[in-house]
Amino acid sequence: MANGQWYPAEWPERIRSLAEGALTPVVPRRAATVLLLKDTDTGPAVHMLRRRASMAFAGGAYAYPGGGVDPRDDDLHVRWAGPPRAWWADRLGVDETVAQAIVCAAVRETYEEAGVLLAGPTPDSVVGDTTGEAWEADRAALVARDLSFAEFLDRRGLVLRSDLLGAWARWITPEFETRRYDTWFFVAVLPEGQRTRNASTEADHTVWIAPQEAAAGYDKGDLMMMPPTIATLRGLIPYGSAAEALSAAPERDLTPVLARARLEEGEIVLSWPGHEEFTKHIPTDPSPGLPPAPSPDLSTGGAPA
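Residues numbered from 1 in each chain as written. Predicted model: local features only at pLDDT ≥ 70, side-chain atom pairs only at ≥ 80, totals over all residues. Heavy atoms only, no water.

Student: I tried to follow helix H5 (residues 149-156) on my own but got confused; where do I start?
Tutor: Turn by turn, an α-helix covers 3.6 residues, leaving residues three or four places apart pointing in a common direction. For H5, the set of buried residues is Phe 149, Ala 150, Phe 152 and Leu 153. Down the axis of H5, the buried side of the element spans an arc of 160 degrees, and every buried residue falls inside it. Those residues of H5 that are buried lie in contact with helix H3 (96-114), strand E6 (119-120), helix H4 (133-143) and strand E7 (159-161). Note on H5: the residue one or two positions beyond its end, Gly 157, has a positive phi of about 65 degrees. (Buried < 20%, exposed > 50% of the residue type's maximum accessible area, 1.4 Å probe, protein only. Helix = DSSP H or I, 4+ residues; strand = E, 2+ residues; numbered from the N terminus. Arc of directions from axis to C-beta. Contact = heavy atoms within 4.5 Å.)

Student: Explanation requested: the confidence of the model for the protein chain in the structure shown.
Tutor: Close inspection of predicted coordinates is inappropriate for parts of the model with low pLDDT. Predicted confidence across the protein chain gives a mean pLDDT of 85, with 85% of residues reaching 70 or more. Model confidence for the protein chain, summarised as mean pLDDT per element, is weakest for helix H1 (residues 11-19) at 77 and strongest for E6 at 98. Residue range residues 287-305 is modelled with pLDDT below 50. Its contacts to residues more than four positions away, or to other chains, number 71 contacts. (pLDDT = per-residue confidence, 0-100.)

Student: Can you help me understand the sheet that holds E7 in this one?
Tutor: Each strand in a sheet pairs with its neighbour through backbone hydrogen bonds, running either in the same direction (parallel) or in the opposite one (antiparallel). Ordered by their spatial adjacency, 3 strands build an open sheet running E5-E7-E6, and the pairing between neighbours is mixed. One side of each edge strand has no neighbouring strand; the edge strands of this open sheet are strand E5 (80-81) and E6. The pairing of E5 with E7 spans 2 bridges and is parallel. Looking across to E7, one finds that Ala 81 is bridged to Arg 161. (Pairing = 2+ DSSP bridges.)

Student: Got a minute to help me understand the environment of Glu 10 in this structure?
Tutor: Residue position: Glu 10 is located in the segment before H1. Residue Glu 10 is classed as partly exposed on the basis of its relative accessible area, which comes to 39%. The sequence separation of Glu 10 and Glu 177 amounts to 167 residues, and the corresponding C-alpha distance is 9.6 Å.

Student: Please explain the nonpolar core as it appears in this structure.
Tutor: The nonpolar side chains of a soluble globular protein tend to be buried with one another. Counting residues in hydrophobic clusters, the biggest one holds 44 residues, and the most contacted among them are Trp 88, Leu 92, Leu 117, Phe 149, Phe 152, Leu 165 and Phe 186. At the level of elements, strand E1 (29-40), helix H2 (85-92), H3, H4, H5, strand E8 (165-172) and strand E9 (181-189) are the ones that each hand at least two residues to this core. Here Leu 117 is in contact with Val 107, Tyr 111, Val 126, Val 127, Thr 130, Trp 135, Phe 149, Phe 152, Leu 158, Pro 191 and Gln 194, once residues within four sequence places are set aside. (Core = buried A, V, L, I, M, F, W, Y, C linked by side-chain atoms within 4.5 Å.)

Student: Quick question: what am I supposed to make of the pairing of E1 here?
Tutor: Working note: regular strand, side chains alternate between the two faces of the sheet. Where E1 meets E9, 9 bridges bridge the pair, whose relative direction is parallel. Paired with Arg 30 across the bridge in E9 is Asp 182.

Student: Sorry, what's going on with the environment of Arg 30 here?
Tutor: Mapped onto the elements of the fold, Arg 30 is located in strand E1. For the pair Arg 30 and Ile 172, spaced 142 residues apart in sequence, the C-alpha separation works out to 9.1 Å. When neighbours within four sequence positions are excluded, Arg 30 is seen to be in contact with Gly 68, Val 69, Val 98, Ile 102, Asp 182 and Trp 184.

Student: How should I be thinking about helix H6 (residues 211-220) in this particular structure?
Tutor: Every buried residue of H6 is listed here: Pro 211, Ala 214, Ala 215, Gly 217 and Tyr 218. Along H6, the residues classed as buried sweep out an arc of 155 degrees about the axis, all on the same side. Those residues of H6 that are exposed and aimed more than 90 degrees away from the buried face are Glu 213 and Lys 220. The first or second residue beyond H6 is Gly 221, which carries a positive phi of 85 degrees.

Student: In this structure, what is going on with unusual backbone geometry? I would like to understand it.
Tutor: For residues that are not glycine, phi is negative in most cases, and the peptide bond is trans in most cases. Here the phi dihedral of Arg 145 falls at roughly 65 degrees; this positive angle occurs in a residue that is not glycine. Locating Arg 145 in the fold gives a position in the loop between H4 and H5. Here Arg 145 falls in the partly exposed class, since its relative accessible area comes to 30%.

Put into C-alpha cells, the structure is as follows:
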C-alpha cells in the first residue's frame, strides 16, 4: 500500500475495454458526504470514520459520513431554511429538485452515520441533543428507508438548516468502475450541544483528528484514505477554525474531478486532473507471485460501497 492507493486487478482489462468502445460506463449515482468540524485548543478537527476491514470496498479506509441520495430526498414538502433551492441549484450546478435531494442527503446521512442533525425547530435554531430511544428509533427508520427525511422533519417539527452546510468539492467515480458515484462534499460545524457517535454499520471506529495530523498519517502510510478523502482533508489545513472553513466554502471550485486512465507502453497511467499526487503507473502484467490488491471504490470518499 502506498498512501492508500489500492487498485483492483480487473482495472487493466476494463480500461482497455473502455478505450476500445466495448465498455459502456455505468451512470453514476448521486451522493453526498460531510466533513464535520469542531474547534479544539490546537485548531479545528474533522470527524472521520474507519470502514470495517470486512467491507468489500475500501475496507480499513478512513472516510466521512455520507451516502447515496434517497429518491425521496427531492420531496417538495421538505421543511427548509437557509439559502433557497435556487441558490443551491446554482452553486451545485444542477436543477432545484436535484439540489434539494443532494442537500437533504448530506444532512440525512450525517444524522444516520454520526448522530448529528443539522436541523432545528425554527430557521435560526438547532436541536441540542439527538440521543435517546425515540431519536434512535427515528434514525433507524431512516436508515431502513421506512421513513423519508421529509416525514422525519414533519414528525419532529423541524426545518432543515441548509445554511449550516458549505459545498466543498465534487468527485465522480472513474468511468471504468462497476459502481459509480457523483459525490458532493460539504463542510459543516458540529452544532452546540450535539455530539458524534459511531452510528454506521459500515464503520468500526471514529475519531476527531486535526486535518494536518490525518494528512501526516496518510503520507506515512499509517492511515488509508481514498484520493478524494485526502484531497479534501488537505484543503482544510490552512484554516484556523471550523467557522473559517465554513465561511470559505462559497469560494471553493466545484468543477467535478474525474479520474482519467490511458494505456501507455505496457502500463496504465491513472490520474486525477488537478491532483498530480495521485497519479499512478500500474503494470498491465503484475509481477508473478504478487497478490492482487483489495478493491476499493477510489473516488467516492464516503459514498456507500
